[in-house]
Amino acid sequence: MFTQFLGNYLLQKGIVTRDQLFNAMARLSQSHIKLGTIAIHEGLMTANEVDECLYIQTREDKRFGEIAVARGYLSEENVSDLLSKQTPDYILLGQNLVEDGIISYEDLERIIFDYKADNELYDLELDVENSGIVQSIIEKFFLMAEMPANDLNVMYLELMFNSLIRFIGEDFSPLTPMIVDEYPITFGVSQAVIGDRDYITHIDCDRETAIAFASRYAKEDFSEFNEYVVAALEDFLNLHNGLYIVNVSNQQSKNIELAPPEITEEGVLMGVNKCVDFPVAYPFGIVHLIVSY
């Protein structure tokens, strides 16, 4: 999930465009991490040192690790340790952006440092998906939307991001959340979550985006907007909310029920308090994840 968070960070800072980000994301499964990229992330080499070793590689038939050891930048033990690490996609994303000429290794070094500092990720390891760190980053989405980052709110959004990764695809980036008095509906599916505190969950997007979203979820190639597309969106929201109430029940012993999903093609979504919009950008369009309290 750190890949999606880093994508959000890069977009917010204006470092990349959406097209540049999604182009780099699309190649993650075909990319292989380079030793220099890992060394920068681990703080064992600077960007200038990596660039120097890469330049020498163009002149000498040697591996990067050999050159780094010969120059005194890494030890043999460093090289062995780095090569044994499991590399997450968010590091590959940065490497792809370097290879695309969008940023330099020096930029990547600064981005990694600033990103960790902004999110207090000082103990983030390459091979650890730390749930506490994930939750702290998600809390910031609620803070940006001026909403309380309580346990249930964080649990819901974390599960939603995981559901998107699992059922739709990893190539998305959360955008800046917004809090609004009401939300004008384009097309979507709503479902009420009924418990100690009732609220409405809603997925909203244009019809072309709905077709692409449903195609990925159902693993079918839908070519037009029809009842199958609508049914796929209903099923996704119902499945996700079902997982959510099971988690809540298991962790907090709260009784929560779901109303049947409802199709919403026009009108305005509003709650007694506010609507929170968590937009998510995919290559095929923007999906709005809305919670109305």
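Above this text you will find the structure in question.
The text that follows walks through the structure, step by step, so that each part is easy to find. All of these numbers come straight from a predicted model, not from anything done at the bench.

Moving on, we get to the overall build of the protein chain. When its secondary structure is counted, the protein chain shows 12 helices and eight strands. Counting only C-alpha atoms and orienting by the principal axes, one finds that the protein chain spans roughly 65 × 45 × 30 Å. Put simply, of all contacts in the protein chain between residues at least 6 apart along the chain, 68% involve residues at least 24 apart. Roughly 14,300 Å² of accessible area belongs to the protein chain as shown, and the carbon and sulfur atoms make up 47% of that amount. For the protein chain, the separation between the mean place of its 19 positive charges and that of its 48 negative charges on side chains is 6 Å.

This next bit is on the packing of helix α11 (residues 207–218) against helix α12 (residues 227–252). Contact pair α11 / α12: the axes reach a minimum separation of 9 Å and the direction vectors enclose 65°. Regarding α11 and α12, the two cross each other, and that crossing is left-handed. On α12, the residues touching Ala 210, Ile 211, Phe 213, Ala 214 and Tyr 217 of α11 are Val 229, Ala 232, Leu 233, Asp 235, Phe 236 and Leu 239. Grouping the amino acids of the contact of α11 with α12 by side-chain chemistry returns 10 nonpolar, no polar and one charged.

Using the criterion set out here, one finds 11 aromatic pairs in the structure. Between the aromatic rings of Phe 5 and Phe 161, the centroid separation amounts to 6.1 Å while the plane-to-plane angle is 70°, which identifies the pairing as edge-to-face. Highlighted residues: Phe 5 in helix α1 (residues 2–12) and Phe 161 in helix α10 (residues 151–167), separated in sequence by 156 residues. Members of the aromatic cluster, each reached through a chain of ring pairs, are Phe 5, Phe 161, Phe 172, Tyr 282 and Phe 284. Above the plane of the ring of Phe 225 lies Arg 207, whose end atom (NZ or CZ) is 5.0 Å from the centre.

Take the pattern of salt bridges next. Taken as a whole and assessed by the stated rule, the structure comprises seven salt bridges. A salt bridge links Glu 99 to Lys 34; the nearest nitrogen and oxygen atoms lie 3.0 Å apart. Here Glu 99 is found in helix α7 (residues 89–99), whereas its partner Lys 34 is found in the loop between α2 (18–26) and α3 (35–41), with 65 residues between them in sequence. According to the relative accessible area criterion, Glu 99 is partly exposed, its value standing at 44%. For Glu 265, the salt bridge is made with Arg 207, and the minimal N-O distance between the two is 3.0 Å. Remark: Arg 207 occurs in helix α11 and Glu 265 occurs in the loop between β6 (262–264) and β7 (268–282); sequence separation between them is 58 residues.

What counts as what
- Residues numbered from 1 in each chain as written.
- Predicted model: local features only at pLDDT ≥ 70, side-chain atom pairs only at ≥ 80, totals over all residues.
- Heavy atoms only, no water.
- Helix = DSSP H or I, 4+ residues; strand = E, 2+ residues; numbered from the N terminus.
- Contact = heavy atoms within 4.5 Å.
- Areas by Shrake-Rupley, 256 points an atom, 1.4 Å probe, with all protein chains shown as cover.
- Lys, Arg positive; Asp, Glu negative; His and termini not counted.
- Charge placed at Lys NZ, Arg CZ, Asp CG, Glu CD.
- Axes fitted to C-alpha atoms, helices over the stretch in contact; angles between N-to-C directions.
- Left-handed = near helix turned anticlockwise from the far one by under 90°.
- Nonpolar A, V, L, I, M, F, W, Y, C, P; charged D, E, K, R; others polar.
- Phe/Tyr/Trp six-rings, centres within 6.5 Å; stacked < 30°, edge-to-face > 60°.
- Lys NZ or Arg CZ within 6 Å of the ring centre and 35° of its normal.
- Salt bridge = Lys/Arg side-chain N within 4 Å of Asp/Glu carboxyl O.
- Buried < 20%, exposed > 50% of the residue type's maximum accessible area, 1.4 Å probe, protein only.

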